[in-house]
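# Survey of secondary and tertiary structure
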Amino acid sequence: MKIGLFIPCYIDAFYPNAGIATLELLEKLGQDVEYPMDQTCCGQPMANSGCNSDAAAAEALFVRNFAKYDAIVMPSGSCTHHVRDNFDAIPQTEEVKHVRKNTFELVEFLHDILKVEEFPWAEFPHKVGLHNSCGTLRALRTASMSELGEPYFSKPMDLLTKVKGISFATPKRPDECCGFGGTFSVTEEAVSARMGLDKVKDHYQAGAEYIVSADTSCTMHQQGCAERGGVPIRFIHIAEILNGARS
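Per an unreviewed UniProt entry, the protein goes by the name Fe-S oxidoreductase and belongs to Acetobacter malorum.

This is the structure we're talking about:
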């Protein structure tokens, strides 16, 4: 299939290695990937702030960029959730419906669509704690929610267990929000920062060397909390591990 790669603005600006790893990983798996060069934000920050109409221009550009592809893949659960479930600041044309229906977060694309069974190039000799963002967990349903008492499943864990040398630390409160929440971390800074510090301490006390996530927005917040709080833990996007990063 022909894949359009969308890289969220915060990854492009602050964590480009996660975007590069996503492209390289998809190409290693035999996919035909293009990166539209005039892509910008998907419109999520405006919509999440209650300024839905202000997201219209960004959403319209997104559709112009990606309507021609069989699938749109992005290394971000929150952006995927916006496009799939909240992309309504513009008229719902057939092109818009196609884009919304065929947009996938990277983990679900690898797990559900490509059904990848091995990553023979990947080895990560470290103990990691997995952070599922609220968007991937409760909107995209890439893992079971502990508060529902439902049978356990985890798509990111299914993929990570295929990596040689990796081991896992389990925090006491694995599904607790880290406090980022987009603009929540700006409007409720003190609460957000305390939630983030609690989150990274929970992983560190469980023995994690790294926190791995499919959402760099969450780990960006957690990294800042860890650095200010003196918690010696590192952060990495799941695409980097699956693509073969060793540290």
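In space, the four strands of this open sheet follow the order β6-β5-β7-β8, with parallel pairing throughout. One side of each edge strand has no neighbouring strand; the edge strands of this open sheet are β6 (167-168) and β8 (234-237). Docked against the sheet, helix α11 (residues 189-205) engages β5 (127-131), β7 (210-213) and β8, running at close to 145° with respect to β5. The strands touched by helix α12 (residues 216-229) within the sheet are β5, β7 and β8, with β8 carrying the most contacts at an inclination of about 170°.

Further remarks concern the environment of Ala-143. By secondary structure assignment, the location of Ala-143 is in the loop between α8 (134-139) and α9 (155-160). In the structure, Ala-143 is positioned eleven residues away from Ser-154 in sequence and 4.1 Å away in space, judged by C-alpha atoms. Setting aside anything within four residues of it in sequence, one finds Ala-143 in contact with Asn-132, Leu-137, Phe-153 and Ser-154.

For the rest of this paragraph, the subject is the pairing of β5. Judged by how many residues are buried, β5 sits mostly within the fold: four of five residues are covered. Direction of pairing for β5 relative to β7: parallel, over a ladder of four bridges. Across the sheet, Val-128 pairs through a bridge with Tyr-210, a residue of β7.

Looking at the assigned domains, one finds that the protein contains domain 1 (2-113) and domain 2 (127-242). In this structure, domain 1 and domain 2 have C-alpha centres spaced 22 Å apart. At the interface, 24 residues of domain 1 touch 20 residues of domain 2. Contact with domain 2 buries area across many residues of domain 1, yet Tyr-15, Val-107 and His-111 alone supply 29% of it, more than any other trio. Taken together, the links from domain 1 to domain 2 amount to one salt bridge. Among the salt bridges present, the one from Asp-112 reaches Lys-155, with a minimum N-O distance of 2.7 Å. Joining domain 1 to domain 2, the criterion identifies six residue pairs in polar contact (both at pLDDT 80 or more). Going through the elements one at a time, α1 (9-14), α2 (16-28), α5 (77-85) and α7 (106-113) are the ones with two or more residues in the side of domain 1 that touches domain 2. Looking at which element gives the most residues to the side of domain 1 that touches domain 2, the answer is α7, with six residues. Grouping the amino acids of the side of domain 1 that touches domain 2 by side-chain chemistry returns eleven nonpolar, nine polar and four charged.

Membership of the largest hydrophobic core comes to 51 residues, with the highest contact counts inside it found for Phe-62 and Leu-242. Both domains that furnish three or more residues to this core are identified here as domain 1 (2-113) and domain 2 (127-242). If near-sequence neighbours (up to four positions away) are discounted, Phe-62 is found in contact with Phe-6, Cys-42, Ile-72, Met-74, Val-83, Phe-87 and Val-99. By size, the runner-up hydrophobic cluster in this structure holds nine residues, among which are Ala-169, Ile-211, Ala-226 and Val-231.

Centre-to-centre distance and the angle between the planes together describe a pair of aromatic rings. Applying the stated criterion across every chain yields a total of eight aromatic pairs. When the ring of Phe-6 is compared with that of Phe-66, the centres are 6.0 Å apart and the planes differ by 80°; the resulting orientation is edge-to-face. Taken together, the residues span a long stretch of sequence, with Phe-6 in the loop between β1 (2-5) and α1 and Phe-66 in helix α4 (residues 56-66) at a distance of 60 residues. Just as Phe-6 is buried, Phe-66 falls in that class too. Where Phe-66 meets Tyr-69, the ring centres are 6.1 Å apart and the plane angle is 50°; that geometry is what we call tilted. Linked through ring pairs, Phe-6, Phe-62, Phe-66, Tyr-69 and Phe-87 together constitute an aromatic cluster.

What the four strands build is an open sheet, ordered β2-β1-β3-β4; its pairing is parallel. The two strands at the open ends of the sheet, each matched to only one other strand, are β2 (32-34) and β4 (103-105). Shown here is a sheet whose adjacent strand axes are inclined to one another by a mean of 35°, direction ignored. In this sheet, β2 lies alongside β1 in parallel orientation, the contact comprising three bridges. What sits directly across from Ile-3, in β2, is Val-33.

Calculation rules
Residues numbered from 1 in each chain as written. Predicted model: local features only at pLDDT ≥ 70, side-chain atom pairs only at ≥ 80, totals over all residues. Heavy atoms only, no water. Pairing = 2+ DSSP bridges. Helix = DSSP H or I, 4+ residues; strand = E, 2+ residues; numbered from the N terminus. Contact = heavy atoms within 4.5 Å. Axes fitted to C-alpha atoms, helices over the stretch in contact; angles between N-to-C directions. Buried < 20%, exposed > 50% of the residue type's maximum accessible area, 1.4 Å probe, protein only. Domains from an automatic or database assignment. Buried area = accessible area lost by both parts, 1.4 Å probe. Salt bridge = Lys/Arg side-chain N within 4 Å of Asp/Glu carboxyl O. Polar contact = N/O pair within 3.5 Å; in protein donor to acceptor, adjacent residues only side chain to side chain. Nonpolar A, V, L, I, M, F, W, Y, C, P; charged D, E, K, R; others polar. Core = buried A, V, L, I, M, F, W, Y, C linked by side-chain atoms within 4.5 Å. Phe/Tyr/Trp six-rings, centres within 6.5 Å; stacked < 30°, edge-to-face > 60°.

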